Amino acid sequence: MAAASRSLLSPSSTPYVHFADLRSRALEFLRIGIGVVWLVNLLFIVDPANRFFPTFASSARSYASSTLGGPGIAQFVASHPLLFAAGIAATTGYLAVAFLLGVTTRVASIVGAAFAVGLLLTQFGSTFFFPGGTDVGPQPLYLVIYGVLLVGGAGTSLSLQPWLRARMRALRAEGTRTARVSSAGSGGWTGSISTSRALALGVVGLLLAVGIGAAFAATLPASSGPSGASPAATPVTYLNLTIEINATMGWPQYVPANFSVPVGRVVVTITDNDAVANWSGCPCNVRGTVGGIEYVNGTAMGIVPNSNVAHTFNIPSLGVQVLSPGQSVVRFVVDFTHAGNYSWICMAPCGAGASPYGTPPMGLPGYMAGTLTVG
Ligand SMILES: [Cu+2]
């Protein structure tokens, strides 16, 4: 480590950093490891069971509440699902091939780092939030790995690139001498390169990405509608619930507590007339709704501030959780795909006794529990 640090930091060292065999082998395993990560991502994307493409728009929209600088980017991505889903799939495929085979690893490191930064910025609010954190959690680690690969090169002894370069050289040798291309260093693309060349490659890559993206955005139509590209989820039913104080008991209750909806997409509105209530320790992440969000007084939220959560609306068997702040109107969308009777409950400690988790109306049917019939 000390030797490497010296050669990296020494002002008299050349821009080409030379690593010991062991170190370069370690770099290669790092490269192959990140290639395996991208291969797993690619398999997830292409497996129809994961519905990556059909649910892309709503997934993108679910990051609106956690995007640094506002929901604009997530909403733009959600309104161009074809462009961004295809772009992410293509990028994932390229990174898997590049890192696994050791081809154009320098460019792949820059592309991967740009991708990681994009994910970090758009999902910033949920990156360090547990539970409910997303797969964006390891992105800072990935950034470090890309940095190491970019600075150190990714090694060549286990990669396809030297063979490809030899082929290219052989082909070029058959051509004219005027087509000679000078190549700096022995390692070429996978070897160590100077900072200026890495920067130049980065700028070229960025310009290419922006150009291709702009071309796609200009040619592909934006999908319209409040819920993105899910025409299969129609027809839409509207369900209105209120939370009121029962005049006789003085307890809050859902009205109605038992209700029916048809199979399909249901837009639920909960008008919570109960008082404002802090719930410290609230697992306040929205789950099971379209896009993983709810609207509180018109604002999209994936995580609701626990400074005011009076009640929740949970359907445990469907993994649905919606938070209801006091004195607010909550709206969310759920796609019910199967007919049946589903129990719903409120999970917020709203009992009127000394222990609010265990006293009525908490858990009391007709107040903070009931049955939802689908079909
Ligand atoms: Cu409650």
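Values in this document were obtained by computation on a predicted structure and should not be read as measured data.

## What about the sheet that holds strand S9 (residues 328-336)?
Pairing in this open sheet of six strands is mixed, and the strands run S2-S1-S4-S9-S5-S6 from one edge to the other. Pairing within the sheet leaves two strands with one partner each, and these edge strands are strand S2 (252-255) and strand S6 (299-301). The average angle at which neighbouring strand axes cross in this sheet is 25 degrees, direction not considered. The pairing of strand S5 (residues 294-296) with S9 spans two bridges and is antiparallel. Note that in S9 the partner of valine 296 across the bridge is valine 330.

## Things to note about the nonpolar core
Membership of the largest hydrophobic core comes to 36 residues, with the highest contact counts inside it found for Tyr254, Ile270 and Phe313. Breaking this core down by element, the ones donating at least two residues are strand S1 (236-245), strand S3 (259-261), strand S4 (264-272), strand S7 (311-315), strand S8 (320-324), S9, strand S10 (340-345) and strand S11 (369-374). Every residue in contact with phenylalanine 313, bar those within four places of it in the chain, is listed here: Leu241, Tyr254, Phe259, Ile270, Val320, Gln321, Val322, Phe332, Trp344 and Ile345.

## Here we look at the packing of aromatic side chains
Going through the model one piece at a time under the given rule, you end up with 10 aromatic pairs. Aromatic side chains phenylalanine 52 and phenylalanine 53 sit 5.0 Å apart centroid to centroid with 85 degrees between the ring planes, which places their arrangement in the edge-to-face category. The exposure class assigned to phenylalanine 52 is buried, which follows from its relative accessible area of 14%. For the pair tyrosine 254 and phenylalanine 313, a centre-to-centre distance of 6.0 Å together with 50 degrees between the ring planes defines the contact as tilted. Taken as a pair, tyrosine 254 in strand S2 and phenylalanine 313 in strand S7 lie far apart in primary sequence, 59 residues in all. Given a relative accessible area of 1%, tyrosine 254 falls into the buried group.

## Looking at the coordination of the copper ion
Note on metal sites: the ideal angle is 109.5 degrees for four tetrahedral donors, and 90 or 180 degrees for six octahedral donors. Around the copper ion, the donor atoms from the protein are His311 (ND1), Cys346 (SG), Cys350 (SG) and Met368 (SD), and they sit 2.1 to 2.5 Å away. What the four donor atoms of the copper ion show is an angle range of 95 to 122 degrees at the metal, which sorts the shape as tetrahedral. Written as a sequence motif, the donor arrangement for the copper ion is H-x34-C-x3-C-x17-M. What makes cysteine 350 buried here is its relative accessible area of 11%.

## A closer look at the pattern of salt bridges
Pairs can form between side chains of opposite charge once their charged atoms are near each other. In the structure shown here, the tally under the stated rule is one salt bridge. Residue arginine 265 is joined to aspartate 335 by a salt bridge in which the shortest nitrogen-to-oxygen separation is 2.8 Å. Residue arginine 265 is located in strand S4, and its partner aspartate 335 is located in strand S9; the two are separated by 70 residues in the primary sequence. Residue arginine 265 is classed as buried on the basis of its relative accessible area, which comes to 4%.

Analysis parameters
- Residues numbered from 1 in each chain as written.
- Predicted model: local features only at pLDDT ≥ 70, side-chain atom pairs only at ≥ 80, totals over all residues.
- Heavy atoms only, no water.
- Pairing = 2+ DSSP bridges.
- Helix = DSSP H or I, 4+ residues; strand = E, 2+ residues; numbered from the N terminus.
- Axes fitted to C-alpha atoms, helices over the stretch in contact; angles between N-to-C directions.
- Core = buried A, V, L, I, M, F, W, Y, C linked by side-chain atoms within 4.5 Å.
- Buried < 20%, exposed > 50% of the residue type's maximum accessible area, 1.4 Å probe, protein only.
- Contact = heavy atoms within 4.5 Å.
- Phe/Tyr/Trp six-rings, centres within 6.5 Å; stacked < 30°, edge-to-face > 60°.
- Donors = N, O, S within 2.8 Å, 3.2 Å for Na, K, Ca; no water.
- Tetrahedral: all angles 85-135°; square planar, octahedral: opposite > 155°, others 65-115°.
- Salt bridge = Lys/Arg side-chain N within 4 Å of Asp/Glu carboxyl O.

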